Amino acid sequence: MDPDLDRFASRRPTVYAPEGVVATSQPLAAAAGRELLRAGGNAFDAAVATAAALNVVEPTSTGLGGDVFACYRTADGDVGAMRASGGAPEGATRERVRDAVADEEDTDPAEVSMPEFGPHAVTVPGTARGWEATVQELGRLTLADALGPAMRYATEGYPVTEVVAAQWEHGEELFTDAHAREAFLFDGASPGVGQTVRLPELGATMETIAEEGADVVYEGYVAEAIADEIQDKGGFMTVDDLADFEVEWPDPLSTTYDGVEVFELGPNNQGQIALEALNVAEEIGAGDHPYDSPERVHAFAEAMKVAFTDGHYHITDPEYEPVQALHEKSYARERAAAIGDEPLTDVEVGTPGPVGEDADTVLLTVADSAGNVVSFINSRFMGFGSGVVAGDTGIALQNRGASFTLDADHPNRLEPGKRPFHTLVPGLARFGDEDWAAFGVMGGYMQPQGHLQVLANLVDYDMPLQAALDAPRWRYREDGTLAIEERLPDGVASKLARRGHDVRVEPPSQFGGAQIARWDDGTLSAATEPRKDGHVAPY
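Residues numbered from 1 in each chain as written. Predicted model: local features only at pLDDT ≥ 70, side-chain atom pairs only at ≥ 80, totals over all residues. Heavy atoms only, no water.

### Considerations on the overall build of the protein chain
Helix and strand counts for the protein chain come out as 18 helices and 18 strands. Here the C-alpha radius of gyration of the protein chain, 22 Å, is about what a compact globule of 539 residues would show, namely 24 Å. Across its three principal axes, the protein chain shows a C-alpha extent of roughly 60 × 55 × 45 Å. By residue count, 64% of the 539 residues in the protein chain fall in the buried class. Considering only residue pairs separated by 6 or more positions, the protein chain has 74% of its internal contacts joining residues 24 or more positions apart. As presented, the protein chain carries roughly 18,300 Å² of accessible surface, and 43% of it is formed by carbon and sulfur atoms. Both charge centroids of the protein chain, one from 38 positive and one from 92 negative side chains, sit 6 Å from each other. (Helix = DSSP H or I, 4+ residues; strand = E, 2+ residues; numbered from the N terminus. Rg over C-alpha atoms; globule rule 2.2 N^0.38 Å. Buried < 20%, exposed > 50% of the residue type's maximum accessible area, 1.4 Å probe, protein only. Contact = heavy atoms within 4.5 Å. Areas by Shrake-Rupley, 256 points an atom, 1.4 Å probe, with all protein chains shown as cover. Lys, Arg positive; Asp, Glu negative; His and termini not counted. Charge placed at Lys NZ, Arg CZ, Asp CG, Glu CD.)

Given below as structure tokens:
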């Protein structure tokens, strides 16, 4: 069950530091990043160390069996992105998957949809090679250095934090195999708050990666364990699928919002949704409304609906479908014409796969004194992922393939080697020539909605970093409702309802988890999410 985060009334300020800042959703992981900074590493070394530690201390939302992405600005002034996103197995045709699932479910193949869990939902994990590439191309230290804190937490143990303990309960139902339960459950149960746990199998795998490099995950014994596990359960992934995987370094897409340049990853990520929403919001003057007014929430929510409708249809692997220019200002001017005083109702939100709305993710941001700024995001999609754990490696495999459809006419249809629509979007913002911030908001379809709201809080309403993250949020739901936090100003919810919005109040845990780290001409600052077990580690 979700912890009652509203009972905490703590004040949390923006954190400032001289050498570096690491912001993420778990204190021990933030400390791991700071450890690498103190050892002489830069923001990129710290990012990988933090991500690896999160695999251990927040295994409910991330792992080596998932994908990883980055958006960054280097001390030399280069702006770039890293994408480590795997595709479907070469043997996973729509026909083979449909027939296999039909046999498993004893149903007509014509009635089968893409499964949410199990071997057919697993796509090639990009994390290990993404970590290695980040350190080798952009860092100062080694992959073994970056994995050090995570290996220590896995083998020596750590106490579980409150939000993570609540999320871990999902594993009791999801994990059915003996070795999966052995890897992540303790006497068949999830750990309680403050319980010290060890993940020795995952720790041993990380030690091997530290010694031999990421290739062991794609061509060595770990690759064999992944392929064998999936094939034993009826799936189609092979060692060749894993060995063929490569990390990409795409140019991020960008737009401006009230003079601030915003960078996001393009397809197959949903970054274009955030960029389109920002453009439409600017076109209709959403940020001109008073902060505590229902007009503000209405305007931004309508901009988000338009962007969702476009992005959730068009965004897919650009190697299989042409990229649509959803992030262009001219396109936003056309789409803004659809927005009026009443809420839009003909909104198509949701990818064709079973679910992605409330997927779990970890996000971290790091900035160092040299001017390196990075947003780094790592996930298996839905919590522990597919429910498939690869042998005795301790690696739970992602279910990102659940975002595919078996509909041959849809752009996001399953095809061999193809990458699915991806929710993960790290963000970067340039407030001035020497003023850069790495940011993001984890959590399925909340991610672009969170990007829109956090940036508007900073740009339109001049909030400090921590206040921009603390501020109450809203989110448009796949079922057509407008969910809000109870802390929205008095009267806003009822006035939105009178406008025609189907309003419902949801707990803080449903509104994502934001992090931000900023380098402003040498001044470092950061903020973290109050709705998680978040922490900023300054150095």
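### Observations concerning helix α14 (residues 294-314)
With 21 residues, α14 extends 31 Å between its outermost C-alpha atoms, agreeing within 8% with the 30 Å of an ideal straight helix rising 1.5 Å per residue. Summarising burial for α14: 17 of the 21 residues are buried, a large majority. (Expected span 1.5 Å × (residues − 1).)

### Considerations on the pairing of strand β3 (residues 67-73)
Along a regular strand, successive side chains alternate from one face of the sheet to the other. With seven of its seven residues buried, β3 lies for the most part within the structure. Where burial is concerned, the two faces of β3 agree: the one with D67, F69, C71 and R73 and the one with V68, A70 and Y72 are both buried. Strand direction decides the pairing type here: β3 and strand β10 (residues 373-381), joined by seven bridges, are antiparallel. Looking at β10, one finds that A70 is bridged to F376. (Pairing = 2+ DSSP bridges.)

### Examining empty space enclosed by the protein
For the structure shown, the criterion picks out three cavities of 30 Å³ or more. When its volume is computed, the largest cavity comes out at roughly 80 Å³. What lines the largest cavity is a set of 16 residues, and nearest its centre among them are P89, A92, P119, H120 and V122. The residue inventory of the lining of the largest cavity, partitioned by class, reads 12 nonpolar, four polar and no charged. (1 Å grid on protein atoms, 1.4 Å probe; cavity = no way out; pocket = protein on both sides within 12 Å on 5 of 7 lines; lining within 4 Å. Points joined across faces, edges and corners; volume = space filled by probe spheres on them. Nonpolar A, V, L, I, M, F, W, Y, C, P; charged D, E, K, R; others polar.)

### Concerning the packing of aromatic side chains
Under the criterion given, the structure shown has 10 aromatic pairs. Ring centres of F44 and Y72 lie 5.5 Å apart, and the angle between their planes is 90 degrees; this geometry places the pair in the edge-to-face category. Taken together, the residues span a long stretch of sequence, with F44 in helix α2 (residues 43-57) and Y72 in strand β3 at a distance of 28 residues. An identical accessibility class is assigned to F44 and Y72; each is buried. What links up through ring pairs into an aromatic cluster is the set W168, F175, F184, F186 and F384. Sitting above the plane of the Y291 ring, R296 keeps its charged end 4.0 Å from the centroid. (Phe/Tyr/Trp six-rings, centres within 6.5 Å; stacked < 30°, edge-to-face > 60°. Lys NZ or Arg CZ within 6 Å of the ring centre and 35° of its normal.)

### Brief notes about the nonpolar core
Of all hydrophobic cores here, the largest spans 81 residues; its most connected members are W131, W168 and F376. Ranked by residue count, the leading element in this core is α2, at 12 residues. Residues within four places of F376 in sequence aside, it is in contact with A47, V48, A51, V68, F69, A70, M82, W131, T134, V362, L363 and L364. (Core = buried A, V, L, I, M, F, W, Y, C linked by side-chain atoms within 4.5 Å.)

### Structural notes on the pattern of salt bridges
Side-chain pairing between opposite charges can occur once the charged atoms of the two side chains come close. Under the definition given, this model contains 26 salt bridges. With a shortest N-O distance of 2.8 Å, E321 and R413 are connected by a salt bridge. With E321 in the loop between α14 and α15 (329-336) and R413 in the loop between β10 and β11 (427-432), the pair connects residues that are 92 residues apart, well separated along the chain. Across the pair, exposure class does not vary: E321 and R413 are buried alike. Across the salt bridge formed by R504 and E506, the nearest N and O atoms sit 2.7 Å from each other. Looking at R504, the relative accessible area reads 30%, which means it is partly exposed. Classification of E506 as buried rests on a relative accessible area of 10%. Here the salt bridges do not stand alone but share partners, grouping R473, E485, R487, E529 and R531 into one network. (Salt bridge = Lys/Arg side-chain N within 4 Å of Asp/Glu carboxyl O.)

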